[in-house]
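Each chain is listed here by its residues.
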Amino acid sequence: LTAIVDVAQNAREADVERKLLEKKLEFELAKESLLELCSDLDADESGTLTLDELLEGYRHNEEFAATMATMDVEESDMDVIFHLLDEDQSGTVSYNEFVEQLYKMKCQDTHTMLVFIKGYLNEVRMRMADQLQVMQTDVRGDCKHLLRALQRLTFGGDNCDFA
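Residues numbered from 1 in each chain as written. Predicted model: local features only at pLDDT ≥ 70, side-chain atom pairs only at ≥ 80, totals over all residues. Heavy atoms only, no water.

**Here we look at the side chain of D86**
Here is step 1 of the chain: For D86, the location among the structural elements is in the loop between α4 (75-85) and β2 (93-94).
Here is step 2 of the chain: For the buried D86, no salt bridge exists, and the shortest N-O distance to an oppositely charged side chain is 13 Å, to R125.
Here is step 3 of the chain: A polar atom in the side chain of D86 sits 3.0 Å from the backbone nitrogen of S90.
Here is step 4 of the chain: D86 has contacts with G91, T92 and V93, leaving out every residue within four places of it along the chain. (Helix = DSSP H or I, 4+ residues; strand = E, 2+ residues; numbered from the N terminus. Buried < 20%, exposed > 50% of the residue type's maximum accessible area, 1.4 Å probe, protein only. Lys, Arg positive; Asp, Glu negative; His and termini not counted. Salt bridge = Lys/Arg side-chain N within 4 Å of Asp/Glu carboxyl O. Polar contact = N/O pair within 3.5 Å; in protein donor to acceptor, adjacent residues only side chain to side chain. Contact = heavy atoms within 4.5 Å.)

**What to know about the packing of aromatic side chains**
Here is step 1 of the chain: For the structure shown, the criterion picks out two aromatic pairs.
Here is step 2 of the chain: Seen in terms of ring centroids, Y58 and F64 are 6.4 Å apart; in terms of plane orientation they differ by 90°. Their pairing is edge-to-face.
Here is step 3 of the chain: The structure contains a cluster of three or more aromatic residues connected by ring pairs, namely Y58, F64 and F98. (Phe/Tyr/Trp six-rings, centres within 6.5 Å; stacked < 30°, edge-to-face > 60°.)

**Description of the environment of D15**
Here is step 1 of the chain: Considering the arrangement of structural elements, one finds D15 in helix α1 (residues 2-41).
Here is step 2 of the chain: For the pair D15 and G57, spaced 42 residues apart in sequence, the C-alpha separation works out to 38 Å.

**Focus: the packing of helix α2 (residues 51-60) against helix α3 (residues 62-70)**
Here is step 1 of the chain: Where α2 meets α3, the closest approach of the two axes is 6 Å, and the angle between their N-to-C directions is 95°. If you check the angle between α2 and α3, you find them roughly perpendicular. The segment α2 lies against α3, with L54, G57, Y58 and H60 engaging E62, F64, A65, M68 and A69.
Here is step 2 of the chain: For the contact of α2 with α3, a count of residues per class yields six nonpolar, two polar and one charged. (Axes fitted to C-alpha atoms, helices over the stretch in contact; angles between N-to-C directions. Parallel < 35°, antiparallel > 145°, perpendicular 65-115°, else oblique. Nonpolar A, V, L, I, M, F, W, Y, C, P; charged D, E, K, R; others polar.)

All we've got here are geometric facts, nothing functional implied.
Laid out in structure tokens, this is it:
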């Protein structure tokens, strides 16, 4: 019985190794294909991609959209992915960086989810900071207006204008 279990275990390990090798080869082929697609998407032929180029590619290049869809990347995810990859905030990412990081995110399911969450949280944080800035400006303006109205009431008599 032990011999049968050992043989089964060895066969399973060999199958896992074979599947890993197949996955790696599949990845290399898909990587090359995606690198070529990136070149096609690069409208200004700069060797890098902008967010607009990626979005245009998603909308108008069926092969790129299909590749992204097989990786469970929707058009709405492109903004977050791009900003995650554009760490120096230059507005561009290299083809290799885009492909390598995208596949890295895809191959590490838990890691992928955490990366997306981090990206979405950063986006929410930036939007909240912008909104807070706007609100602070509005409150300051309202306070100044109220102080002027209070001063007119206190020192100016009955002639008040709250507008």
